[in-house]
Amino acid sequence: MLKQRVLTALVLAPLVIAGIFFLPLQLFVIAVAGVTLLGHWEWTKFVASSSRFSAFIFPAIILVGSLFALPVTLDGLQLTSTSGSVLAIAGALWWLAATVMVLRYPRGTGWWGDSNAIQQGFGVLTLLPFLWSVILLRAYHFDVSPYLGAKMVLLVCLLVWSADTGAYFAGKTFGKRKMAPSVSPNKTVEGLIGGLVAAVAVTLAVAQYFSIPFSSLTMLGVVALVTSFASVLGDLAESMFKRVAGVKDSGSILPGHGGILDRIDSLTAAFPVFTVLYFWLA
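Keep in mind it's a predicted model, so treat the numbers as computed, not measured. (Residues numbered from 1 in each chain as written. Predicted model: local features only at pLDDT ≥ 70, side-chain atom pairs only at ≥ 80, totals over all residues. Heavy atoms only, no water.)

A separate point is the packing of aromatic side chains. Here the structure, examined in full by the defined rule, presents 16 aromatic pairs. For the pair Trp41 and Phe56, a centre-to-centre distance of 5.6 Å together with 80 degrees between the ring planes defines the contact as edge-to-face. One end of the pair, Trp41, is in helix H2 (residues 25–43); the other, Phe56, is in helix H3 (residues 52–69), with 15 residues separating them in the sequence. Judged by relative accessible area, Trp41 falls into the partly exposed class, the value being 34%. (Phe/Tyr/Trp six-rings, centres within 6.5 Å; stacked < 30°, edge-to-face > 60°. Helix = DSSP H or I, 4+ residues; strand = E, 2+ residues; numbered from the N terminus. Buried < 20%, exposed > 50% of the residue type's maximum accessible area, 1.4 Å probe, protein only.)

Counting across every chain of the model gives three salt bridges. Among the ionic pairs, Asp235 bridges to Lys187, the shortest N-O distance being 2.7 Å. You can see Asp235 sitting in helix H8 (residues 217–245) and its partner Lys187 sitting in strand E2 (residues 184–188), a full 48 residues away along the chain. Taking relative accessible area as the criterion, Asp235 reaches 17% and is therefore assigned buried. Note that Lys242 is salt-bridged to Asp262, the shortest N-O span being 3.0 Å. Placement of Lys242 in helix H8 and of Asp262 in helix H9 (residues 260–281) is noted, with a sequence separation of 20 residues between them. Asp262 shares its class with Lys242; the two are buried. (Salt bridge = Lys/Arg side-chain N within 4 Å of Asp/Glu carboxyl O.)

Quantified by volume, the second largest pocket comes out at close to 250 Å³. Lining the second largest pocket are 14 residues; nearest its centre among them are Ala92, Leu96, Val226, Val273 and Leu277. Residue assignment for the lining of the second largest pocket shows that the elements contributing at least two residues are helix H4 (82–104), H8 and H9. Of the residues assigned to the lining of the second largest pocket, the class counts are 13 nonpolar, one polar and no charged. (1 Å grid on protein atoms, 1.4 Å probe; cavity = no way out; pocket = protein on both sides within 12 Å on 5 of 7 lines; lining within 4 Å. Points joined across faces, edges and corners; volume = space filled by probe spheres on them. Nonpolar A, V, L, I, M, F, W, Y, C, P; charged D, E, K, R; others polar.)

Right, let's talk about the nonpolar core for a bit. Core analysis: the largest hydrophobic core is formed by 77 residues, its most contacted members being Leu131, Met152, Ile212, Met240, Phe241, Phe271 and Phe274. Sort the elements by how many residues they give to this core and H9 lands first, with twelve residues. If we ignore the near neighbours within four places in the chain, the residues touching Phe274 are Leu137, Met152, Leu155, Val156, Val223 and Thr227. (Core = buried A, V, L, I, M, F, W, Y, C linked by side-chain atoms within 4.5 Å. Contact = heavy atoms within 4.5 Å.)

A separate point is the environment of Pro24. Within the secondary structure layout, Pro24 lies in the loop between helix H1 (2–22) and H2. You can call Pro24 partly exposed: its relative accessible area is 46%. Distance from Pro24 to Pro146, taken between C-alpha atoms, is 9.7 Å for residues 122 residues apart in sequence.

Attention shifts here to unusual backbone geometry. With omega at 10 degrees, the peptide bond leading from Tyr105 into Pro106 counts as cis. Considering the arrangement of structural elements, one finds Pro106 in the loop between H4 and helix H5 (116–138). Phi is positive for His141, which is not a glycine, with a value near 50 degrees. A residue is classified by how much of its surface remains accessible, and His141, at 31% relative accessible area, is partly exposed. With a phi close to 60 degrees, Ser211 is a non-glycine residue in the positive phi region.

Listed under "transmembrane region" (unreviewed entry) in the UniProt record, and renumbered for this structure, are residues 7–33, 53–74, 86–105, 117–140, 152–171, 191–210, 217–234 and 264–281. Span residues 217–234 is 100% helix and 0% strand, its end C-alpha atoms 25 Å apart. (UniProt positions renumbered as here; feature names shortened; annotations may be inferred.)

Right, let's talk about the environment of Pro146 for a bit. Within the secondary structure layout, Pro146 lies in the loop between H5 and helix H6 (148–174). The residues touching Pro146, leaving out its near neighbours within four places in the chain, are Arg138 and His141.

Here is the structure:
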C-alpha cells in the first residue's frame, strides 16, 4: 500500500503542478470543475439515497450552472466578482459549522445522518466553494501577471502537503494524545502541532521565494496557521461522513489513495479559508 501511494503521488504531483502553471485559464477551470464533479460523484456514497445518480444530478447542475453564471474570461476573474467571493466566504463559514459537527461526533448526527437532501447540501457546501476559491486564486491579477495566481494556488497546495507531512512524522515520533478518537483514531495532538509548524514555515518561505504580495510576515503566518488547521478539519470531516455512511474510502480511482475526495479533502477546506483570509488580512 505504501509503495502504491508513493508511486501514485510521484505521478500525480508533477501533473497537478504542470496543470496549475501551463493550462490556459479556461482549460484550467474546466479541469478543476471536472475534478470537483468527480468529487461530487464520490460524495453520493455518503448520501442516504437508493440511487447514486439521483443524488449526483442536483449538485452537478448547481456546479455547472455556476460556471455559466460566473464565466471566467481570458482576462481573468478578479476578486471584485461579488458572487465568487460570496461562495468563498460561504465555504469558510461552512467549515466553522463542520468544526462543531466534528467536535460533537458521534452526538448530533440525528438531524442529518439519514437525510438525503441535507447530505447533498453538505456536499455542495464542501465542493462548490472549493471550486470557486481555486478559480479566484488562479485568476487573481491574471491580466497583469498571468502566473501570480498559479503561484498562489501552488502555495496553498504546498501548505496542505507540508501540514500532512509534518503531522505524519510528528505523530509517528511524538504522538501520544488522541485528537479526535471517535472520528480518526490515528491523529494526535502532537501530530497536529507538528503539521501546523511545518505548514507555517513552508508558507512563509515559499511566499517569499515566489514573490507573492503580503502585508506582513506576521499576517501571512496567521493565515497559514488557520488554513493548515482548516485542512486538518477537512480531513476529519470527510472521515466523519465516511463513518456515518459506513464506507472506508470515497472511491478507488487512485491506487493506494482511494478516491478523489480522499486526496482533496484537506484542500476543500484549505482553499476557501485561505482565499478569504488572504484577501482580508494578508
